[in-house]
Amino acid sequence: MMQNVLNSFSRLCVTNSRFTLTQNVSVKLPTTTLIQLQPQHQQIRFINKHGYLTEPGWKAFGYRWMVKFPEKYTVKKLPLLKLAGRDPTTGKRVVGGLGGGHKKKYRWVDKCRHGPKEGPPLVEKILAIQYDPCQSAKLALVAGGDKVRYITATSTMKAGDLISTSGHIPRIAIRPKEGDAHPLGALPLGTEVCCIEKYVGEGGTIAVSAGSRAILVRKVGDRCIIQLPSKQEMSLKQECMATVGHVGNEDHNTKHIGSAQRLRWLGFRPRSGLWHRKDGRYGRKIRPLPPLKTVDNRKIDKITELPLTVKAIC
């Protein structure tokens with residue numbers, strides 16, 4: 001009998017305490033806390049990893065990543081699909097040691113610096129110097145007229161500078177200014193150049209990484225010979241465009257990695273562990289310099305137009 005009375009009294013105290021607790025909470029909590037307590041919906045990302053099979057504009061850069069390019073040039077950051085050393089069609093591993101890394105976006109760099117062959121040069125203003133996660137060199141955001149584009153930045157470029165681009169080849173060599181772009185035939189001997197075109201009109205592909213450069217050694221006829229840092233000489237056409245100076249971010253190769261985790265953050269995976277003892281890879285070898293490499297020595301036949309007139313015979 002006494003036990004039943006105690007049980008009923010305990011139930012009565014618990015229900016009264018719950019009532020007072022809910023009453024106090026409902027009074028003290030403002031309406032703003034109710035809004036904050038609502039569940040937040042995470043943004044859903046729709047990424048079609050097999051879109052390159054059906055969508056146009058995808059381009060692979062080796063076996064590292066693929067980029068989807070729009071129809072018109074843009075300075076917006078483009079989506080990037082990592083391949084991690086695998087072939088995009090078969091899925092088989094081709095290159096080891098690649099994969100992972102931080103998320104990044106691709107910047108579309110305009111490698112063609114073409115200017116007018118007659119008249120005043122094309123003048124552009126540097127808006128900013130930016131970091132590019134997809135290459136070692138830094139980028140320069142330039143604007144000229146109604147166009148804005150990314151180009152590879154040289155060591156002396158800074159925001160607010162004016163750079164010019166000209167395609168004219170004068171009879172006497174010009175006085176070059178670092179950051180400007182001219183044909184190889186317009187530059188004096190001994191000029192330090194970078195972002196050099198291998199074929200006329202295809203954009204700079206020689207000396208484009210951080211700190212790289214080449215030297216204009218001599219001119220033979222309508223061809224210019226440049227010397228690469230490896231002491232190899234290349235013979236190019238005098239119409240090939242080049243940027244005066246060397247590529248910026250020179251201390252890129254001197255930066256210490258510091259930890260294995262940072263190497264993973266940069267997109268490199270651990271090695272296999274296979275160890276070679278003195279395989280001769282790093283021995284000192286004295287070899288002769290490679291011969292002169294001639295690029296694009298095709299001769300194009302000039303088409304001459306002959307005017308023909310026919311007289312009517314009455």
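The paragraphs below set out a description of the structure included in this document.

Rules used throughout
- Residues numbered from 1 in each chain as written.
- Predicted model: local features only at pLDDT ≥ 70, side-chain atom pairs only at ≥ 80, totals over all residues.
- Heavy atoms only, no water.
- Phe/Tyr/Trp six-rings, centres within 6.5 Å; stacked < 30°, edge-to-face > 60°.
- Helix = DSSP H or I, 4+ residues; strand = E, 2+ residues; numbered from the N terminus.
- Contact = heavy atoms within 4.5 Å.
- Salt bridge = Lys/Arg side-chain N within 4 Å of Asp/Glu carboxyl O.
- Buried < 20%, exposed > 50% of the residue type's maximum accessible area, 1.4 Å probe, protein only.
- Pairing = 2+ DSSP bridges.
- Axes fitted to C-alpha atoms, helices over the stretch in contact; angles between N-to-C directions.
- Polar contact = N/O pair within 3.5 Å; in protein donor to acceptor, adjacent residues only side chain to side chain.

## Describing the packing of aromatic side chains
For any pair of aromatic rings, the description consists of the separation of the ring centres together with the inter-plane angle of the planes.
Now for step 1: With the rule as written, the count across this model stands at 5 aromatic pairs.
Now for step 2: Aromatic pair F69 and W108: ring centres 4.9 Å apart, planes at 65°, arrangement edge-to-face. Linking F69 in the loop between strand 2 (65-68) and strand 3 (80-82) with W108 in the loop between strand 3 and strand 4 (122-130), this pair joins segments that are 39 residues apart in sequence.
Now for step 3: Judged by centre distance (5.1 Å) and plane angle (55°), the ring pair of Y73 and W108 falls under tilted.

## Re the environment of T243
Now for step 1: Assignment of secondary structure puts T243 in strand 15 (residues 241-244).
Now for step 2: Measuring from C-alpha to C-alpha, the distance between T243 and H182 comes to 6.6 Å, with 61 residues separating the pair along the chain.
Now for step 3: The residues touching T243, leaving out its near neighbours within four places in the chain, are R113, T154, G179, D180, A181, E192, V193, C194 and C195.

## Side note on the pattern of salt bridges
Now for step 1: According to the stated counting rule, one finds 7 salt bridges in the structure shown.
Now for step 2: Ionic pairing is found between E124 and R149, a salt bridge with its closest N-O pair at 3.0 Å. Of the two residues, E124 is situated in strand 4 and R149 in strand 6 (residues 147-152); the sequence distance between them amounts to 25 residues.
Now for step 3: Residue class for E124 comes out buried when judged on its relative accessible area of 5%.
Now for step 4: Relative accessible area serves as the criterion here: at 10%, R149 is assigned to the buried category.
Now for step 5: In the salt-bridge network here, residues are joined through shared partners; they are D110, E124 and R149.

## A few points about the sheet that holds strand 1 (residues 58-61)
Now for step 1: Across the sheet, which stays open at both edges, the 3 strands sit in the order 1-2-3 with antiparallel pairing between neighbours. Looking along the sheet, the strands with just one partner apiece sit at the ends: strand 1 and strand 3. For this sheet the average axis-to-axis angle between neighbouring strands, irrespective of direction, equals 25°.

## So, the side chain of R149
Now for step 1: Within the structure, the side chain of R149 is placed 2.9 Å from the side chain of D110, a separation counted as a polar contact.
Now for step 2: In terms of polar contacts, R149 uses its side chain to reach the side chain of E124, at 3.0 Å.
Now for step 3: R149 has contacts with Y73, V75, D110, C112, R113, E124, A140, L141 and V142, leaving out every residue within four places of it along the chain.

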